[in-house]
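Fold and contact review
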2 protein chains.
Amino acid sequence: MSSWVPGAAGSGYDVDHLPFGVFSVGDDNPRVGVRIGGYVLDLAPLGSLQLIDGAQVFRARTLNPFLAAGPVAWRETRDWLTSLLSVPGHRDAVEPFLLPLHDVRLVLPIVVGDYVDFYCSEHHASNVGAILRPDGTWLPEAWRHLPIGYHGRSGTVVVSGSDVRRPCGQRRGDERPEFGPTQRLDLEAEVGFVVGVPSGRGDRVPTNAFGDHVFGVTLLNDWSARDIQAWEYVPLGPFAGKSFGTSIAAWITPLDALAQARTRLPGQYPAPPAYLGVEEPAGYDIGLEVWVNDTLVATPPYASTYWSPAQMLAHLTANGASLRAGDLFASGTVSGPRADERGSLLELSWGGTQPITLGDGTQRTFLEDGDVVTLTATAPGALGGSIRLAEVIGQVQPALPPT
Amino acid sequence: MSSWVPGAAGSGYDVDHLPFGVFSVGDDNPRVGVRIGGYVLDLAPLGSLQLIDGAQVFRARTLNPFLAAGPVAWRETRDWLTSLLSVPGHRDAVEPFLLPLHDVRLVLPIVVGDYVDFYCSEHHASNVGAILRPDGTWLPEAWRHLPIGYHGRSGTVVVSGSDVRRPCGQRRGDERPEFGPTQRLDLEAEVGFVVGVPSGRGDRVPTNAFGDHVFGVTLLNDWSARDIQAWEYVPLGPFAGKSFGTSIAAWITPLDALAQARTRLPGQYPAPPAYLGVEEPAGYDIGLEVWVNDTLVATPPYASTYWSPAQMLAHLTANGASLRAGDLFASGTVSGPRADERGSLLELSWGGTQPITLGDGTQRTFLEDGDVVTLTATAPGALGGSIRLAEVIGQVQPALPPT
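First, a word on scope: everything that follows refers to the structure included in this document. (Residues numbered from 1 in each chain as written. Chains lettered and ligands numbered in written order. Predicted model: local features only at pLDDT ≥ 70, side-chain atom pairs only at ≥ 80, totals over all residues. Heavy atoms only, no water.)

Using the criterion set out here, one finds 26 aromatic pairs over all chains in the structure. A ring pair is formed by Phe58(A) and Phe66(A), whose centres lie 5.6 Å apart and whose planes are at 50°; its orientation type is tilted. Pair check on accessibility: Phe58(A) and Phe66(A) agree, each one buried. Geometrically, the ring pair formed by Phe118(A) and Phe329(A) is edge-to-face, given 6.4 Å between the ring centres and 85° between the ring planes. With Phe118(A) in strand β6 (residues 115-118) and Phe329(A) in strand β22 (residues 328-330), this residue pair connects regions lying 211 residues apart in the sequence. Here Phe118(A) falls in the buried class, since its relative accessible area comes to 2%. Among the aromatic residues, those joined into a cluster by ring pairs are Phe118(A), Phe193(A), Phe210(A), Tyr302(A), Phe329(A) and Phe239(B). Directly above the ring of Tyr13(A) sits Arg35(A), whose terminal nitrogen or CZ lies 3.6 Å from the centroid. (Phe/Tyr/Trp six-rings, centres within 6.5 Å; stacked < 30°, edge-to-face > 60°. Buried < 20%, exposed > 50% of the residue type's maximum accessible area, 1.4 Å probe, protein only. Helix = DSSP H or I, 4+ residues; strand = E, 2+ residues; numbered from the N terminus. Lys NZ or Arg CZ within 6 Å of the ring centre and 35° of its normal.)

Now the structure itself:
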């Protein structure tokens, strides 16, 4: 049953979605809201009025307390909201707490604990290998045995809409290394997962406990400076080529909204070790779109990704590393098998050798100042149509002078 | 002038040191204290009583608010404490707030924002290169041009005294990868730096602004599982081989206590690029000791380290990455030129090929269950003797069953 909220039906934000975010109304009093159609439902006053158990978590300035409340609370809240927003008899009680989206300011919805980025797309990893090591082995030796990942900078995760300044950094030069604005600023289209329920130090989170800990999903743009990254990454991995900024959506989509999107993995050979064994369907059918300015430049299918999120989390915790509410881990660049399904400009321009042409006739190998990058995605919803994962948008600002 | 506190003179914790920590007295009410001799000075009630400006930061459960207060507040506090603890006339007013160390519980003193680990010791990097790539190039290509670093897991930074459970993980096997308890559990003796004053996204912190942002220093043990690390680290760097735990001291030594320890760097060739240029003396004469059980196994001299902390911070922020109060960055393993100055068992046992012998006659290549690792250090103090950086201690617990 669709929502009675005007415009919600068919918008991708009907009651089969109900993503959570944090908003303020110009009063610097951020609080938790849920999106329905073109509106934000103000949960704190509504929850208090209806004497909802635990409603104080909606008065928080971040989603973290709600995330930490766990799956039972998440589902009770979702059931409550579904009833309120779909049963017409609730309309009079609920309508006063609906705020048009254009009247609110959306802020970073979570305090990010640790941010881990994986490298889960075989097509992406193979493309990168082919571009950087054309005569060598495309996939790293361990790639099919474990989801390779690394820690990114949690303090520079920003909300959709935040500008990204072109970073300066060191890169290989003709005679000696050079320092200056990156000449290869890239996007990476990714799917991020937000941890709700903590785990203890020394504990493991097996693949079948994924839903006990992970609340939901956000699109993520892992901005990358390829020339800085290429010069620095041996042997400790990416650092300054990535740490200047990572954008996530303002709305976190609950895993429960993706029940219809679950799909089988493409297949894992050799079979993963026991601690990475996973019950199918372990993948998610999320279709991404990558836009540069007004041009759709790629449609990466997350369903083509080799390693599943439950396997990422099991690997991340197999050594006893603990989890906190607000931890964020991401898929790495999502790329599909087709040339127009590649989730980075590095791949789309094949290492900068094959420029792509935008709708205005201009060409790109990497991003130019002023470019606006937008990630969107859809997934099958429970009402027969699609839900729309919230967009991640960011504009490239010119670099500061190098000195 | 030494402190009037009994036992403080000559202890390494006289008024020329005054490190900050967070303690509780069995009442689950953690608050800020400063160490003097064998005592903790309870700053919150003392500060309130004396109407110290900003004394509420001492009632916090972490040092973060005090760290964020900045250099002027740090110095005013240090001057106030120096006077209280060295002028005998203050003794009656202060003594009621001195608690014996053995009566308090010390907790993690900071909420760690981002944790970055560098690779700044040329002797360490060369040793690792020689062990792992005996026929290749020992130093990575970029090593002399920038301080190589990566992000570690901030959520598993623990306070001295916390046990460390032997992690399980995937490693190279004879026919296929194996999963099980690490067989090469190692220590890494490091010097960590604690950020106080935040910086904005897009800003840079030049080397000469180091003291405007960094509050102080802690010893750090970056526990490492070498077999897990060796299998996973291409191309994104260390992950599960490190993320299970990192130990820091319970006391943070202010930079101001290390003024006498400043010393020239060993020399940098080629000269670093302009953004990494640094005014000498940029190094610190901190002499580390590494103990395994009751045996002193190494004495790494931090003064032998190639890259200085001001250069680490300048590099970390050169791309506009922002800083938060509580950010932690570390030197990487400190190793000196001599064989008995190596700060990891990987180096001390030369890749596990040359066991070291402990005082009880047993041998070690890597750590065994039950082993206790202790890091200590001294540095020149302002009273003519030495200050003692607070110890970092941890015992290895047996692994959980792999499944």
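Under the fitted operation, chain B is carried onto chain A by 0.0 Å of movement along the axis and a turn of 180°, and the coordinates agree to an RMSD of 0.0 Å. The symmetry that links the two subunits is that of a two-fold axis. Residue Gly237(B), judged by its C-alpha, is the member of chain B lying nearest the rotation axis, at 2.0 Å. Most of the interface of chain B is mirrored in chain A: 98% of its interface residues are interface residues there too. (Least-squares fit on C-alpha atoms with pLDDT ≥ 70 in both. Contact = heavy atoms within 4.5 Å.)

Here we come to the nonpolar core. As a rule of thumb, nonpolar side chains are buried together in soluble globular proteins. Counting 169 residues, the largest nonpolar core has Ile286(A), Phe329(A), Ile286(B) and Phe329(B) as the members making the most contacts within it. Filtering out sequence-adjacent residues up to four positions away, Phe329(A) remains in contact with Val116(A), Phe118(A), Val191(A), Gly192(A), Phe193(A), Val195(A), Phe210(A), Val214(A), Pro309(A), Met312(A), Leu313(A) and Leu316(A). (Core = buried A, V, L, I, M, F, W, Y, C linked by side-chain atoms within 4.5 Å.)

As a further point, take the interface of chain B and chain A. For an interface, size is often stated in terms of accessible area lost upon the parts coming together. Listed by partner, the interface residues are 61 residues for chain B and 60 residues for chain A. Carbon and sulfur atoms make up 57% of the area that chain B and chain A hide from each other, which totals about 5500 Å². Of all residues in chain B, the largest losses of buried area upon contact with chain A belong to Arg153(B), Leu236(B) and Phe239(B), amounting jointly to 15% of the total for that side. Scanning the region where chain B abuts chain A turns up four salt bridges. (Buried area = accessible area lost by both parts, 1.4 Å probe. Salt bridge = Lys/Arg side-chain N within 4 Å of Asp/Glu carboxyl O.)

So, on to the pattern of salt bridges. All names here are of chain A. Applying the stated criterion across every chain, the model contains 36 salt bridges over all chains. Salt-bridge contacts for Arg-324 lead to Asp-114; the nearest nitrogen and oxygen are separated by 3.0 Å. Within this pair, whereas Arg-324 is found in the loop between α8 (309-317) and β22, its partner Asp-114 is found in the loop between β5 (105-107) and β6, the two being separated by 210 residues in sequence. The exposure class assigned to Arg-324 is partly exposed, which follows from its relative accessible area of 27%. Judged by relative accessible area, Asp-114 falls into the buried class, the value being 3%.

On to the side chain of Thr207(B). All names here are of chain B. Tracing the chain through its elements places Thr-207 in the loop between β13 (189-195) and α6 (210-213). The class of Thr-207 is buried, set by a relative accessible area of 14%. Setting aside residues no more than four positions away along its own chain, Thr-207 makes contact with Tyr-275, Leu-276, Gly-277, Val-278, Ala-310, Gln-311 and Ala-314.

So, about the side chain of His315(B). With respect to the element layout, His315(B) can be found in helix α8 (residues 309-317). Those residues in contact with His315(B), other than ones at most four positions away along the chain, are Phe239(A), Ala240(A), Leu146(B), Pro147(B), Tyr275(B) and Leu276(B).

Across its 16 residues, helix α3 (residues 71-86) of chain A extends 22 Å between first and last C-alpha, which sits within 8% of the 22 Å expected from 1.5 Å per residue. Buried residues of α3(A): Pro71(A), Trp74(A), Thr77(A), Arg78(A), Trp80(A), Leu81(A), Leu84(A), Leu85(A) and Ser86(A), and no others. (Expected span 1.5 Å × (residues − 1).)

The omega torsion of the bond from Val234(A) to Pro235(A) falls at 0°, within 30 degrees of zero and hence cis. Going from Tyr269(B) to Pro270(B), the amide bond is cis rather than trans, its omega being 0°. As for its position among the elements, Pro270(B) is in the loop between β18 (262-263) and β19 (283-284). With phi around 55°, Leu51(B) is a residue other than glycine that occupies positive phi space. With respect to the helices, strands and loops of the structure, Leu51(B) is situated in the loop between α1 (43-49) and α2 (64-68). You can call Leu51(B) exposed: its relative accessible area is 76%. Backbone geometry at Trp350(B) places phi at a positive 45°, although glycine is not the residue there. Summarising the element assignment, Trp350(B) is placed in the loop between α9 (345-348) and β23 (356-357).

Attention now moves to the sheet that holds strand β2 (residues 31-36) of chain A. Residues and elements named next belong to chain A. Reading across from one edge, β4-β3-β2-β1-β5 is the order of the five strands in this open sheet, with antiparallel pairing throughout. In the strand order of this sheet, the two ends are held by β4 (98-100) and β5, each with one partner. Looking at each pair of strands side by side, their axes are set apart by 50° on average, direction ignored. Looking at chain direction, β2 and strand β3 (residues 39-42) are connected through four bridges and run antiparallel. Residue pairing across strands places Ile-36 opposite Tyr-39, the latter belonging to β3. (Pairing = 2+ DSSP bridges. Axes fitted to C-alpha atoms, helices over the stretch in contact; angles between N-to-C directions.)

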